[in-house]
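Fold and geometry: a report
One letter stands for each residue in the lines below.
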Amino acid sequence: MKKILTGILLCSLIICLLSGCQSKQFEVANYQGIIPEGATQSDYNQALFYRNDKQTGLADPFVLDNTAIDGYYYMYGTEGSLFCYRSKDLMDWEPVGNALDNYFFNEDGSRPEDLKASWQDIWAPEVVYDAEEELYYMFFSATPVEDTKVVAGNGVEEGTPTRQLMVATSQYPYKEFKVVNFKDAASCGEENLHTYSEAQFPHYFAKYLMLDPSEYIPFSVANGRLDAGVGYGGYTTAIDPHPYVDEDGTKYLLWVDNLDQDRICGVKMENWLKPDWSTAKALTYTHYYSVEDWQAAQAGASVPLVSYENETNHTNEGPVVLKHNGKYYLTFSVNDYWDSSYQLGQAVADNVLGPYRKLTEPEGGLLLSGGVAGSQDISGTGHHSFVPLGDKLYVVYHRHDSFIAAGTARNHAIDEIKWITVKDKDGNDLEVMYANGPTCTVQPKLEAFSPYKNIALEATVSGTDDAAYLNDDLLSLYKYGDVSFMEYIRETEITETTTFTFDFAQARTVRAVMVYNSKNENTCFRNVSKVEFVCLENGSEVIRCIQNIPFREEYFRANDFDGAVYYVVPGAAAHAEFDELNVKSVRITVEVPEGQEFVGISEIRILGQ
């Protein structure tokens, strides 16, 4: 094991003076943690930082916070089966196994009927724990194996349904889930039995469908289904279930009705197995800002279309509801999941079941997008879930394994969500979500699981008139974001060598410093000239400094012929870590490269206590 030095370590006072440090200053050893012999620059100290490295291979990740019961977070997703991972810190995940063992076969080689019904296209599971019943409910969609015994005619339509909602229950979050049979009172409860006509729906799998076809099909047709299920056995497809519990304990279920044009729907639940169909509503329609706009368009009116939804695609999927300060925020994925333009949008309403209005781009309607960030490393940032941690909020989402290949191979990532106040389309204040992501760079370890936090937020910053952008906790990432919205997410700009001072009301323990680069290649810089720490040691003031903190070369793309930077990885930070210092203030000096007009600095984070 060894300490990897990233700068020139000057130990003597004489050398420090020659390098430009002032009298009574001492050099601090800047190292990148204790890492194995032979490790590369890409390694980092996991006691302080994390990075969104591929771990699970999960698409459509959903995280269940089960820490109050067993200390673990559980993550489920689309992986060919209902596979489960667990973690104690949301950063390091271990496989647990198949929560629903859909690979199980009977002794004679046949497949149990419930697993036959849920055998294929197992997508986007979400799990909710009911404390009163002490039971876990797993909602998911699947395509049943074709029922070859059913013959079309006499009211029975031909074809095999795809992507049907199902639900399974277990006493455990990670194993022994059993698909609910809605024609068996012992399985679902007498009050939850489905009443559909078995003459019309004689298929073996009908009894396992979460949404009673006699209720769901009329609802779907009334809300815009065009082909009445032709070719799908008369059934209506449904994917991406999202169980939600409001603050008053009322249960809701959202899902995507997506046979012909995706629309997000929602219903109030009497219990987790019984929808109150009188409350069922369509909440969004593809391309339209509101249900009202969609209705107007059906009547022939001209209405504006959502700018960040591809007009040739019909995707609104992966719904998630989040309540904040009395309003409900509906987040969802748009465009093709195999395409780089797959991304997250947000809508807002005063009630769980709407009416929702998708936010425009100037309002921050586009929540998470590798494409708008101009990333050459991340694409397909879509289907997601949220995890609150104290006063922090994180989004867990998937992205493509390969930025170039895109496609179906995906893995999960996690970044922080911030709340900011913007002006809505009518000029009123509105709180919206802003993602400090997507990132693939080294970031501070999640504060809930770290002994250190970003104390720069508590400091008074000086140096330039716009120095306040250095500790607003908002990373400037969206290179191609809406110009008016990006006015809320500013970088601090300098035209000459500048020193920024972070003053604390009282001395603080400091362990690391991170300086975030500009999102733009023409305003970026390659290193931080100097960081000085005004320390209190044995009752005396001592100044310690670090010279020349470089950004990792992997954070840049440069032309071979002249070395000019043409791309900066979004969220790139130059970071220095060191032994704990008792610090009263921190001074950070950044130079403007020769021949460059100015430099943009996105954020500065100081990790300490």
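Residues numbered from 1 in each chain as written. Predicted model: local features only at pLDDT ≥ 70, side-chain atom pairs only at ≥ 80, totals over all residues. Heavy atoms only, no water.

Here's the deal with the nonpolar core
To be explicit about the condition: By nonpolar core we mean a set of buried residues, namely Ala, Val, Leu, Ile, Met, Phe, Trp, Tyr and Cys, connected to one another through side-chain atoms within 4.5 Å. Classification of residues uses two cut-offs on accessible area relative to the type maximum, computed with a 1.4 Å probe and protein chains only: under 20% is buried, over 50% is exposed, and between them is partly exposed. Residue contacts are counted whenever heavy atoms from the two residues lie within 4.5 Å of one another.
Among the nonpolar cores identified, the biggest contains 102 residues, and F502, F533, I588 and I601 are the most heavily contacted of them. Apart from the residues lying within four places of it in its own chain, the contact partners of I601 are L470, E491, T492, I494, F500, V515, Y516, F525 and V590. Listed in part, the 30 residues of the second largest apolar core include Y74, I122, A206 and I217.

Observations regarding the side chain of E126
Filter applied, for reference: Where helices and strands are cited, they refer to DSSP runs of H or I of at least four residues and of E of at least two residues respectively, numbered from the N terminus. Charged residues are defined narrowly, with Lys and Arg counted positive, Asp and Glu counted negative, and His plus the chain ends left uncounted. Any Lys or Arg side-chain nitrogen located within 4 Å of an Asp or Glu carboxyl oxygen qualifies as a salt bridge. Any pair of N or O atoms that falls within 3.5 Å is considered a polar contact. Within protein, one atom must be able to donate a hydrogen and the other to accept it, and sequence-neighbouring residues count only if both atoms are side-chain atoms.
Inspection of the secondary structure puts E126 in strand β9 (residues 120–130). Here E126 occupies a buried position and makes no salt bridge, while the nearest side chain of opposite charge, R410, is found at 13 Å. Looking at E126, its side chain comes within polar contact range of the side chain of H242, at 2.8 Å.

What about the environment of I604?
Within the secondary structure, I604 is located in strand β38 (residues 603–608). Here I604 falls in the buried class, since its relative accessible area comes to 0%. When the C-alpha positions of I604 and F502 are compared, they lie 9.7 Å apart, and in sequence the two are 102 residues distant. Dropping the residues within four chain positions of it, I604 is found in contact with N454, A456, L470, F502, M514, V515 and I588.

A word on the sheet that holds strand β26 (residues 429–436)
Here is the rule: In short, DSSP must find at least two bridges between two strands for them to pair. For every element, the axis is a line fit to its C-alpha atoms; helices are fit only across the contacting stretch, and the angle between N-to-C directions ranges from 0 to 180 degrees.
Strand order across the open sheet formed by four strands is β23-β24-β25-β26, with antiparallel pairing between neighbours. Of all strands in the sheet, those bounded by a partner on one side alone are β23 (384–389) and β26. Each neighbouring strand pair of the sheet contributes to a mean axis angle of 35°, computed without reference to strand direction. Note: strand β24 (residues 392–400) against strand β25 (residues 410–423), eight bridges, orientation antiparallel. Residue pairing across strands places L393 opposite I417, the latter belonging to β25.

Describing empty space enclosed by the protein
Just so we agree on the cut-off: Using only the protein atoms, space was sampled on a 1 Å grid; points where a 1.4 Å probe fits but cannot get out form cavities, open sets with protein on both sides within 12 Å along at least five of seven lines form pockets, and lining residues are those with an atom within 4 Å of a point. Grid points are joined across faces, edges and corners, and a volume is the space filled by probe spheres set on the points. Residue polarity follows a fixed list, in which Ala, Val, Leu, Ile, Met, Phe, Trp, Tyr, Cys and Pro are nonpolar, Asp, Glu, Lys and Arg are charged, and the others, Gly among them, are polar.
This model, assessed by the stated rule, comprises five cavities of 30 Å³ or more. Put simply, the largest cavity is a space of about 240 Å³. Taken together, 21 residues line the largest cavity, and the ones lying closest to its centre are Y394, E416, P444, K445 and R605. Secondary structure elements with two or more residues in the lining of the largest cavity: β24, β25, β27 (443–444), β28 (453–454) and β38. Residue composition of the lining of the largest cavity, grouped by class: eight nonpolar, five polar and eight charged. Mapped onto the lining of the second largest cavity, the elements with two or more residues apiece are β22 (366–368) and β26. Looking at the lining of the second largest cavity residue by residue, the classes come out as nine nonpolar, three polar and two charged.

By themselves these figures say nothing about function.
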